[in-house]
Amino acid sequence: EDQVTQSPEALRLQEGESSSLNCSYTVSGLRGLFWYRQDPGKGPEFLFTLYSAGEEKEKERLKATLTKKESFLHITAPKPEDSATYLCAVQATAGNNRKLIWGLGTSLAVNP
Amino acid sequence: ETGVTQSPTHLIKTRGQQVTLRCSSQSGHNTVSWYQQALGQGPQFIFQYYREEENGRGNFPPRFSGLQFPNYSSELNVNALELDDSALYLCASSFNMWSEQFFGPGTRLTVL
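Bear in mind the structure is a predicted one, so any value in this text is a computation, not a measurement.

A.B. asks: I keep staring at the overall build of chain B and nothing clicks. Help me out?
C.D. replies: A count of helical and extended segments in chain B gives zero helices and 11 strands. Shown N-terminal to C-terminal, the secondary structure of chain B runs as helices and strands in the order β-β-β-β-β-β-β-β-β-β-β. Here chain B has a C-alpha radius of gyration of 13 Å; the compact-globule value for 112 residues is 13 Å, and the two agree. With respect to the principal axes defined by its C-alpha atoms, chain B has extents near 40 × 25 × 25 Å. Across the 112 residues that make up chain B, the buried fraction comes to 51%. Contacts in chain B between residues far apart in sequence, at least 24 positions, make up 54% of those at least 6 positions apart. Roughly 5300 Å² of accessible area belongs to chain B as shown, and the carbon and sulfur atoms make up 49% of that amount. Taken as two groups, the 7 positive and 9 negative side-chain charges of chain B have centres that lie 8 Å from each other.

A.B. asks: What should I look at first to understand the nonpolar core in this one?
C.D. replies: As a rule of thumb, soluble globular proteins bury nonpolar side chains together. By size, the foremost hydrophobic cluster in this structure holds 25 residues, and its most contacted members are Leu33(A), Trp35(A), Leu73(A) and Tyr86(A). Those elements giving two or more residues to this core turn out to be strand S2 (10-14), strand S3 (19-26), strand S4 (30-38), strand S5 (45-50), strand S7 (62-66), strand S8 (70-75), strand S9 (84-92) and strand S11 (106-111) of chain A. Per-element accounting of this core gives the leading share, five residues, to S9(A). Beyond its immediate chain neighbours, meaning those up to four positions away, Leu33(A) contacts Cys23(A), Tyr25(A), Phe48(A), Thr49(A), Leu50(A), Leu66(A), Ser71(A), Cys88(A), Ala89(A) and Val90(A). Listed in part, the 20 residues of the second largest apolar core include Val4(B), Val19(B), Leu81(B) and Val111(B).

A.B. asks: Just checking my understanding: could you explain the interface of chain A and chain B for this structure?
C.D. replies: When the parts of a complex come together, some accessible area is lost, and that lost area is often used as the size of the interface. The partner chain B presents 20 residues to the 20 residues of chain A that form the contact. Carbon and sulfur atoms supply 57% of the area that chain A and chain B bury against each other, a total of about 1700 Å² over both sides. Linking chain A to chain B there are zero salt bridges. The interface formed by chain A and chain B contains four residue pairs in polar contact (both at pLDDT 80 or more). For the side of chain A that touches chain B, the secondary structure elements donating two or more residues are S4, S5, S9 and strand S10 (100-102) of chain A. Examining the composition of the side of chain A that touches chain B, we find that four residues originate from one element, S4(A), more than from any other. In the side of chain A that touches chain B, the residues fall into 10 nonpolar, six polar and four charged.

A.B. asks: Just to check I follow, could you spell out the sheet that holds strand S7 (residues 64-68) of chain B for this structure?
C.D. replies: One key point about sheets: their strands pair by backbone hydrogen bonds, in either a parallel or an antiparallel sense. All names here are of chain B. Strand order in this open sheet of four strands is S1-S3-S8-S7, and the pairing throughout is antiparallel. Either end of the sheet is taken by a strand with one partner, and the two such strands are strand S1 (5-7) and S7. Averaged over all neighbouring strand pairs, the angle between strand axes comes to 20°, with direction disregarded. One ladder, built from five bridges, connects S7 with strand S8 (residues 74-78); its direction is antiparallel.

Cut-offs applied
- Residues numbered from 1 in each chain as written.
- Chains lettered and ligands numbered in written order.
- Predicted model: local features only at pLDDT ≥ 70, side-chain atom pairs only at ≥ 80, totals over all residues.
- Heavy atoms only, no water.
- Helix = DSSP H or I, 4+ residues; strand = E, 2+ residues; numbered from the N terminus.
- Rg over C-alpha atoms; globule rule 2.2 N^0.38 Å.
- Buried < 20%, exposed > 50% of the residue type's maximum accessible area, 1.4 Å probe, protein only.
- Contact = heavy atoms within 4.5 Å.
- Areas by Shrake-Rupley, 256 points an atom, 1.4 Å probe, with all protein chains shown as cover.
- Lys, Arg positive; Asp, Glu negative; His and termini not counted.
- Charge placed at Lys NZ, Arg CZ, Asp CG, Glu CD.
- Core = buried A, V, L, I, M, F, W, Y, C linked by side-chain atoms within 4.5 Å.
- Buried area = accessible area lost by both parts, 1.4 Å probe.
- Salt bridge = Lys/Arg side-chain N within 4 Å of Asp/Glu carboxyl O.
- Polar contact = N/O pair within 3.5 Å; in protein donor to acceptor, adjacent residues only side chain to side chain.
- Nonpolar A, V, L, I, M, F, W, Y, C, P; charged D, E, K, R; others polar.
- Pairing = 2+ DSSP bridges.
- Axes fitted to C-alpha atoms, helices over the stretch in contact; angles between N-to-C directions.

Everything listed here is a matter of coordinates, which is why it stays silent on function.
Below, the structure is given as structure tokens:
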């Protein structure tokens, strides 16, 4: 069964303290892996798409990487405004189902 | 470029009633997906519309139905509301059925 697991569930960092969030996936053929940021009560905001193992994408303090089994979202020198829930989703190539399979997210709090 | 918009922002209904939620897709996007997100959970896929045709459905009962219009805007209809239908309903549009999805702000539905 296709599945996405994110860890940790929650993470509290001091401003400037770098860390990584993990997204492990089991899918019958990966078409794409997506990272989103979600603020409370709002819709997810698109961050990155990764398609193949070894691929990396960067945006400001965020860098996403992909292997055959997992993806990491590295946060370098975070600021309080980076506090949010970070969601990972995968899309499979198999069958006729194009739906995104989502993890439960990592809730990140960055203290000033 | 106008992003994805949803209406209404908030809605309160009673059990057994019917509700219609609306979504305007981003300019140039022909695919709309609908999700239900309970508190502390990842989005759950309801269904996707591509060029006015339903193009995949998640594990939701038939009382969840939808429509996509020629201008690619969309509606989500839920009949016979149940208490468990209380959630944030998210609409996302994409350039095609495989590309990254861009979300609206969501509609918060409360069923009493």
